[in-house]
Amino acid sequence: MERSYLVLYDLSSQKALRRAARACRDCGLRRLQRSVFAGDLQPAAYQLLCQKMQSLVDSAPDQILIIALSPKALGQAVSFSVPDAEIDLSVSEVPVTFL
């Protein structure tokens, strides 16, 4: 069953930042900001993304958050953006996951 996720990361290495972005794109997530991606993932793609992202954490300040989105949580979200900048987040009911 496909679930919706929000992926946020703060990595100290430029190489790790590029690899994190590539891993998110390769799994079909859409970029919302430089280090923020969102989208729907099948369980196998979610597991693969978790493996790839966990391998990028190299030092103490590095952090990656993968948050499962629910319709209730998204309904309470506030977004500010440039006019005509579309962000489409379809969601399903799932728990939050931290790496």
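### Some details on the side chain of Ser4
Residue placement: Ser4 occurs in strand E1 (residues 3-10). Here the side chain of Ser4 touches Asp40 through a polar contact of 2.3 Å, side chain to side chain.

### As for the pairing of strand E3 (residues 36-41)
Within a regular strand, side chains alternate between the sheet's two faces. Here E3 lies mainly inside the structure; five of its six residues are buried. In this structure, E1 lies alongside E3, joined through six bridges in antiparallel fashion. When the bridges of E3 are listed, Leu8 appears paired with Val36. As paired strands, strand E2 (residues 30-33) and E3 are joined by three bridges and run antiparallel to one another. In the sheet register, Gln33 faces E3, and the bridge partner there is Val36. With antiparallel pairing between neighbouring strands as the criterion, E2 and E3 make up a hairpin whose turn holds two residues.

### Remarks on the packing of helix H1 (residues 14-26) against helix H2 (residues 43-54)
In contact at an axis separation of 10 Å, H1 and H2 are set at 175° when each is read in the N-to-C sense. Here H1 is positioned roughly antiparallel relative to H2, judged by the angle of their axes. Here Ala20, Ala23, Cys24 and Asp26 of H1 lie close against H2, whose contacting residues are Leu49, Lys52 and Met53. Considered class by class, the residues forming the contact of H1 with H2 number five nonpolar, no polar and two charged.

### Here we look at the packing of aromatic side chains
By the definition in use, this model includes two aromatic pairs. Between the aromatic rings of Tyr5 and Tyr46, the centroid separation amounts to 4.6 Å while the plane-to-plane angle is 15°, which identifies the pairing as stacked. A residue pair is termed long-range when its members are at least 10 positions apart, and Tyr5 in strand E1 and Tyr46 in helix H2 qualify at 41 residues. Taken as a pair, Tyr5 and Tyr46 share a single burial class, namely buried. Arranged with centres 6.3 Å apart and planes meeting at 15°, the rings of Tyr9 and Phe37 form a pair that is stacked. Of this pair, Tyr9 sits in strand E1 while Phe37 sits in strand E3, placing them 28 residues apart in sequence. For Tyr9, a relative accessible area of 6% puts it in the buried group.

Reading the values: rules and limits
Residues numbered from 1 in each chain as written. Predicted model: local features only at pLDDT ≥ 70, side-chain atom pairs only at ≥ 80, totals over all residues. Heavy atoms only, no water. Helix = DSSP H or I, 4+ residues; strand = E, 2+ residues; numbered from the N terminus. Polar contact = N/O pair within 3.5 Å; in protein donor to acceptor, adjacent residues only side chain to side chain. Buried < 20%, exposed > 50% of the residue type's maximum accessible area, 1.4 Å probe, protein only. Pairing = 2+ DSSP bridges. Axes fitted to C-alpha atoms, helices over the stretch in contact; angles between N-to-C directions. Parallel < 35°, antiparallel > 145°, perpendicular 65-115°, else oblique. Contact = heavy atoms within 4.5 Å. Nonpolar A, V, L, I, M, F, W, Y, C, P; charged D, E, K, R; others polar. Phe/Tyr/Trp six-rings, centres within 6.5 Å; stacked < 30°, edge-to-face > 60°.

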